[in-house]
Amino acid sequence: MACPIDPAELQKLKIFVDLCSAQPQLLNLPQMEFFRSFVEKLGGKVPEGTPDFGGAKAKPEEPKVEEEPEKKDDSDPESDIELDTEGCVEPDNEPEQPMGDASKEPSEDDIDKANELRSEAAEAYSEQNYEQSVKLFTEAIELNPRSALYHGKRGQAYLKLSKPNACIRDCNRALEINPDSATAYKFRGRANRLLGKWEEAAKDLRQACKLDYDEEADEWLKEVTPNAKKIEQHKLKLERRRQEKELLDRQERVRKAQEANRKAAEEKTRGGSAEDADFGDFFGGVGGGGGAAGADDILNAFKDPEVAAALQDIMANPGNIGKYQNNPKVMNLVTKIAGQASQSGGFPGFGGGAGAGGFPGGFPGAGGFPGAGPGGFPGFGGGSTGGGPKTTDDLD
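Residues numbered from 1 in each chain as written. Predicted model: local features only at pLDDT ≥ 70, side-chain atom pairs only at ≥ 80, totals over all residues. Heavy atoms only, no water.

Draft legend 1. Examining the overall build of the protein chain more closely. The number of helices and strands found in the protein chain is 14 helices and zero strands. In the protein chain, the succession of α and β elements from N to C terminus is α-α-α-α-α-α-α-α-α-α-α-α-α-α. The burial tally for the protein chain puts 34% of its 396 residues in the buried class. Here the contacts in the protein chain between residues at least 6 apart in sequence split such that 58% fall between residues at least 24 apart. (Helix = DSSP H or I, 4+ residues; strand = E, 2+ residues; numbered from the N terminus. Buried < 20%, exposed > 50% of the residue type's maximum accessible area, 1.4 Å probe, protein only. Contact = heavy atoms within 4.5 Å.)

Structure (structure tokens):
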């Protein structure tokens, strides 16, 4: 016997019973009086007390949806390559130091004092007192802000203090003053290396060696080249992937456009024009010696708009055939039709073969096409069975 209760309702009932089993005191609630009475009538006993909802059976945890691992960004040149980052440091937040008044024209006295400060700064640097070296170079820059060397050397001192961003600012300023400062390229390249900017580091150090070869700069260049090459190769691979994807997308768009055009052409063919319907009916029953292959040849000829129009004209008025006797394409098709008609008992409407109805009224002339001679055009109403009016030739 089938259960009269809907399966969905049964499922709800099961959940309710499970809850009561975990917290039978739930039946002591006023709203559950009807069910408590039912249990007691069956000989059951409901424990006294109120339900402890905090201790109720917890709902089964919903299955956790595992988070997909974060996809690597192909635009990140280091997304899937291993680089040697030993020696890299965190970016610094050193406040920007004075760069001097670029419009200031230093006097000879300013230049002399700046050179003295530069010497003191170099001495402090050699004593590894890099903070003092930065301070003295800053004073020299304020006296002679047009010296690319002072900015480059202060950048060198910043490197020793592990402040690559401050170094890069000074070297950028030095290169604004003197675009051919090998010192500025050298120390900016080193600062980029400390920040893990391998390509920038290689470019700067390569330029430094080009302007003024330096063994230390060359060593630093050799150090960053492996990582720089890995990134360069990775970028080339990403660019190749991008180009391949663009090619595939373009090919897919072309394929879809071609498919859409094909479907549109099929729809047009299925819908059919009036001419298509006439020709399809006209040649639908081709049989006889030529068979389907002969019909296909004839139908293919109708793909030529000129031929199709001519046949429509002739079908509308057989007398119009005279207009096309000098047109080989049309007459060749008429010949094929005549041949098929003679083998298959005649096409409907062409009057060929025994008992064929022929065009209404027959073709002009003595049982055939005009100018076809005695007996008419082969297969088209010639002889005593033609669809057209008989002439003296036919009577003979």
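Draft legend 2. The pattern of salt bridges, seen in detail. One pass over the structure, following the stated rule, counts 23 salt bridges. Residue Arg146 pairs with Glu105 through a salt bridge whose shortest N-O separation is 2.9 Å. With Arg146 in the loop between α4 (130-143) and α5 (148-160) and Glu105 in the loop between α2 (33-41) and α3 (108-126), the pair connects residues that are 41 residues apart, well separated along the chain. Taking the relative accessible area as the measure of exposure, Arg146 reaches 40% and is therefore partly exposed. Classification of Glu105 by relative accessible area gives exposed; the value is 58%. In this structure, Arg188 and Asp204 form a salt bridge, with 2.9 Å as the shortest nitrogen-oxygen distance. (Salt bridge = Lys/Arg side-chain N within 4 Å of Asp/Glu carboxyl O.)

Draft legend 3. How the structure looks around the environment of Val134. Within the secondary structure, Val134 is located in helix α4. When its relative accessible area of 7% is taken as the criterion, Val134 is described as buried. Between the C-alpha atoms of Val134 and Ala121, which are 13 residues apart in sequence, the distance is 7.2 Å. Contacts of Val134, omitting those with residues within four sequence positions, involve Arg154, Ala157, Tyr158 and Leu161.

Draft legend 4. Just the packing of helix α6 (residues 164-177) against helix α7 (residues 182-194), in detail. Two elements in contact, α6 and α7, have axes separated by 9 Å at closest approach and are oriented at 150°. By the angle class used here, α6 and α7 are roughly antiparallel. Our pair here, α6 against α7, has a crossing hand that is left-handed. Across the interface between the two elements, Pro164, Cys167, Ile168, Cys171, Asn172, Ala174 and Leu175 of α6 pack against Ala184, Tyr185, Phe187, Arg188, Ala191, Asn192 and Leu194 of α7. Of the residues assigned to the contact of α6 with α7, the class counts are 11 nonpolar, two polar and one charged. (Axes fitted to C-alpha atoms, helices over the stretch in contact; angles between N-to-C directions. Parallel < 35°, antiparallel > 145°, perpendicular 65-115°, else oblique. Left-handed = near helix turned anticlockwise from the far one by under 90°. Nonpolar A, V, L, I, M, F, W, Y, C, P; charged D, E, K, R; others polar.)

Draft legend 5. Broad picture of the packing of aromatic side chains. Tallied over the entire structure, the rule returns three aromatic pairs. Ring geometry for Phe34 versus Phe35: centroids 6.3 Å apart, planes at 70°, classification edge-to-face. Between the aromatic rings of Tyr125 and Tyr130, the centroid separation amounts to 5.2 Å while the plane-to-plane angle is 65°, which identifies the pairing as edge-to-face. Comparing Tyr125 with Tyr130 shows no difference in burial state: the two are buried. (Phe/Tyr/Trp six-rings, centres within 6.5 Å; stacked < 30°, edge-to-face > 60°.)

Draft legend 6. Layout of the packing of α4 against α5. For the pair α4 and α5, interaxial distance at closest approach is 9 Å and the crossing angle is 160°. Classified by the angle their axes make, α4 and α5 are roughly antiparallel. Between α4 and α5 lies a crossing whose hand is left-handed. Between α4 and α5, the contacting residues are Tyr130, Ser133, Val134, Phe137, Thr138, Ala140 and Ile141 on the first element and Tyr150, His151, Lys153, Arg154, Ala157, Tyr158 and Lys160 on the second. Broken down by class, the residue content of the contact of α4 with α5 amounts to eight nonpolar, three polar and three charged.

Draft legend 7. Summary view of the nonpolar core. If you look at the biggest cluster of nonpolar residues, it comprises 32 residues, and the most contacted ones within it are Leu159, Cys167, Phe187, Trp198, Leu205 and Val224. Elements supplying a minimum of two residues to this core: α4, α5, α6, α7, α8 (198-211) and α9 (215-271). The residues touching Leu159, leaving out its near neighbours within four places in the chain, are Cys167, Phe187, Arg190, Ala191 and Leu194. Of all hydrophobic cores here, the second largest spans 11 residues; its members include Val307, Leu311, Ile321 and Val330. (Core = buried A, V, L, I, M, F, W, Y, C linked by side-chain atoms within 4.5 Å.)

Draft legend 8. Representation of the confidence of the model for the protein chain within the structure. With 70% of its residues at a pLDDT of 70 or more, the protein chain shows a mean pLDDT of 75. This stretch, residues 55-66, has a pLDDT under 50; its non-local contacts, to residues over four places away or in other chains, come to three contacts. (pLDDT = per-residue confidence, 0-100.)

Draft legend 9. Layout of α6. In this model, α6 (14 residues) spans 20 Å end to end at C-alpha, consistent with the 20 Å of a helix rising 1.5 Å per residue. On its buried face, α6 is in contact with α5 and α7. (Expected span 1.5 Å × (residues − 1).)

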